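Working through the structure, step by step
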Amino acid sequence: MAGSSVSILMPVPPGAPPPAGVREEIARYLATTGFTFQIIVPEDISYGVAFRRGMSEARGSVVVVVDSDLPYPVTAIGDAVAIIESGMAEVVFAESRLRPREGALVRWILVPGLPDTSLMLKAFTSSSAKLIAAETKLAGDECDLEVGFLVNKYGFRVERLHVELASHALSRLGPMRALAAAIRIRLTNRDMGYRAARRCPVCFSPEVWTCAQVPGNVIRACGRCKCRYLNQFAEDDDTHPVRRVLRPHAVAADQTDVGHSDSAREKTSRRRMAALRKQLPAHARLLEIGVRDGSFGAAASREYDYVGIDRSPAVARHARARGLEVYCATLANFVNTGPSFDAIACFHVFENMPDPHDALSRIKELVKPGGLLFLTTFDTEGLMYLLTERKRMAQNFRTHLILYSRSALIELLEHSGFEIDAIGPDFEYRDHKFLRHVAGSRWPAIAPLVRGALRLLPDPLLVGTGSIRILAKRRAGAATNARAIRSVEPTHAR
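These remarks concern the structure in this document. (Residues numbered from 1 in each chain as written. Predicted model: local features only at pLDDT ≥ 70, side-chain atom pairs only at ≥ 80, totals over all residues. Heavy atoms only, no water.)

This paragraph deals with the overall build of the protein chain. Secondary structure summary: the protein chain contains 16 helices and 17 strands in total. Scored against the burial criterion, the 494 residues of the protein chain give a buried share of 52%. Counted over contacts in the protein chain with a minimum sequence separation of 6, partners at least 24 positions apart contribute 75%. Surface summary for the protein chain: the accessible area is close to 22400 Å², and the carbon and sulfur share equals 55%. (Helix = DSSP H or I, 4+ residues; strand = E, 2+ residues; numbered from the N terminus. Buried < 20%, exposed > 50% of the residue type's maximum accessible area, 1.4 Å probe, protein only. Contact = heavy atoms within 4.5 Å. Areas by Shrake-Rupley, 256 points an atom, 1.4 Å probe, with all protein chains shown as cover.)

Summed over the entire model, instances satisfying the criterion amount to 9 aromatic pairs. Aromatic side chains Tyr-47 and Phe-51 sit 6.3 Å apart centroid to centroid with 40° between the ring planes, which places their arrangement in the tilted category. Of the two residues, Tyr-47 and Phe-51 both sit in helix H2 (residues 47–57), 4 residues apart, roughly one turn of that helix. Like Tyr-47, the residue Phe-51 is buried in the burial classification. Positioned above the aromatic ring of Tyr-47, the side-chain terminus of Arg-172 is 5.0 Å from the ring centre. The residue whose ring lies beneath Arg-272 is Phe-347, and the NZ or CZ to ring-centre distance is 4.4 Å. (Phe/Tyr/Trp six-rings, centres within 6.5 Å; stacked < 30°, edge-to-face > 60°. Lys NZ or Arg CZ within 6 Å of the ring centre and 35° of its normal.)

Next up on the list: a positive patch on the surface. Positive charge collects at one region of the surface, where Lys-433, Arg-436, Arg-451 and Arg-455 lie side by side. Inspection of the secondary structure assignment puts Arg-436 in helix H14 (residues 432–442). (Patch = residues over 30% accessible without salt bridge, like charges linked within 9 Å, V, L, I, M, F, W, Y side chains within 5 Å. Salt bridge = Lys/Arg side-chain N within 4 Å of Asp/Glu carboxyl O. Lys, Arg positive; Asp, Glu negative; His and termini not counted. Charge placed at Lys NZ, Arg CZ, Asp CG, Glu CD.)

Ranked by size, the top nonpolar core spans 89 residues in total, and within it Phe-51, Ile-289 and Ile-344 carry the most contacts. Residues contacting Phe-51, with those up to four places away along its chain left out, are Leu-9, Val-65, Phe-124, Ala-133, Thr-136, Cys-143 and Val-147. Judged by nonpolar contacts, the second largest core, of 32 residues, contains Val-74, Ala-94, Leu-119 and Leu-121. (Core = buried A, V, L, I, M, F, W, Y, C linked by side-chain atoms within 4.5 Å.)

Judged by pairing direction, the sheet is antiparallel, and its 4 strands sit side by side in the order E7-E8-E9-E15 without closing on themselves. Each end of this open sheet is capped by a strand with a single partner; those strands are strand E7 (208–214) and strand E15 (402–403). The sheet strands contacting helix H6 (residues 143–153) are E7 and strand E8 (217–222), and the helix crosses E7 at an angle near 80°. (Pairing = 2+ DSSP bridges. Axes fitted to C-alpha atoms, helices over the stretch in contact; angles between N-to-C directions.)

Let us now look at the packing of H2 against H6. One can describe the packing of H2 onto H6 by two numbers: an axis separation of 9 Å at closest approach and a directional angle of 50°. As the angle between them shows, H2 and H6 are arranged oblique. On H6, the residues touching Tyr-47, Gly-48 and Phe-51 of H2 are Cys-143, Asp-144 and Val-147. (Parallel < 35°, antiparallel > 145°, perpendicular 65-115°, else oblique.)

A word on the sheet that holds strand E17 (residues 461–474). As summarised here, the arrangement of the 7 strands in space is E12-E11-E10-E13-E14-E17-E16, forming an open sheet in which the pairing is mixed. The two strands at the open ends of the sheet, each matched to only one other strand, are strand E12 (326–328) and strand E16 (418–430). The average angle at which neighbouring strand axes cross in this sheet is 20°, direction not considered. Here 6 bridges tie strand E13 (residues 341–347) to strand E14 (residues 367–378), and the two strands are oriented parallel to one another. In the strand pairing of E14, Cys-346 is matched with Leu-375.

Rendered as structure tokens:
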């Protein structure tokens with residue numbers, strides 16, 4: 001951090017004396033850190049006006065707002081800068097351990113995570129500071145609530161910094177002022193007074209909010225289609241802080257990794273083949289996107305003209321070793337040298353495609369009119385997902401980009417030129433070892449009961465996974481031009 005540039009913004013309340021001693025103390029501390037710094041002290045103006053003016057004058061890569069009386073150790077400034085420079089967050093809100101909680105009604109009207117209104121200490125990256133300051137409208141201390149609302153609206157990563165205060169700090173906002181400010185912020189947002197947030201990549205709605213954070217990223221929720229998706233889709237997996245690669249089921253698996261047994265995966269594949277057999281004639285041409293361990297391909301190749309593609313070279317080599325026709329390719333760069341396919345199967349692969357509209361457009365080109373799309377994916381409207389959403393959020397987004405709701409998938413498929421033929425829950429086989437591991441890690445109190453009950457049940461066991469299975473047929477004719485809709489405003493640009 002020796003080469004970091006820091007801008008310190010110290011708003012002075014109207015009528016208060018200039019904080020000469022505090023300014024010198026901050027300058028002495030920053031001189032010892034090696035930062036290149038500037039200190040901006042707007043005087044005799046309200047907090048919101050000082051916030052916007054100071055952000056416009058800031059030239060540092062990190063902008064820190066501090067209290068003019070500095071009721072906390074000066075080293076808290078360095079801690080806030082360190083969090084920003086480490087890449088953990090784009091915005092830091094300081095709070096005391098004796099934090100005066102905002103009213104539940106205020107948090108319900110705005111967002112659950114609001115700044116501590118008794119402290120001004122905040123840190124921003126330069127880009128987030130410019131955007132948030134440009135969108136704020138309130139002039140007084142209510143601007144802090146507006147900042148918290150906009151940080152959530154635009155999907156910035158937030159971290160909390162606990163500071164020790166010399167005495168108990170009082171909120172700068174009374175309950176009635178905070179409630180009035182919250183209502184005013186909501187009305188401004190409803191009247192499109194703020195810049196629209198990045199649109200949902202599924203339904204293009206601007207009604208998106210931050211619902212959780214995972215390491216290095218933010219999970220956004222769409223209020224219209226109920227989908228969940230990562231805030232940033234990096235094209236290079238090696239530079240992305242969140243793992244989102246398809247994990248192949250290698251032949252020699254790590255013994256410490258509790259996965260699904262071969263028998264469970266094969267029985268699941270046979271179950272899927274039984275559902276597909278009712279829809280396809282013999283010797284139909286079938287494409288599987290994402291072959292994983294190759295168990296479905298092995299079962300499908302006995303009855304159909306099977307072709308598979310997978311983005312992982314190791315998975316493709318392993319499938320070809322089993323005698324399957326599998327190519328190392330993505331859906332976008334796959335070249336079909338034969339006739340159109342009678343059916344395309346995607347088993348928990350659609351969630352890894354960053355642009356669902358382009359993916360379905362490509363699938364529509366590969367499958368013949370009247371052809372079948374066999375799709376399985378998570379359902380964010382399902383009861384199992386709703387009950388375990390918070391606990392499994394980070395786990396789900398280690399390997400997925402978008403989690404869809406049932407209603408969003410139906411609308412997406414119909415707009416892309418498909419007609420829903422059947423939709424229902426998807427069941428998969430799980431072996432007892434995996435179920436014991438899940439029970440012991442998530443519900444240790446009932447793990448002994450689960451182990452006892454499993455002794456009476458078959459192994460592997462058919463269980464619900466919170467996923468849905470969709471069978472859709474391609475309609476003849478052109479689909480809705482989603483690219484024209486998206487060209488009006490980018491869906492994934494802040």
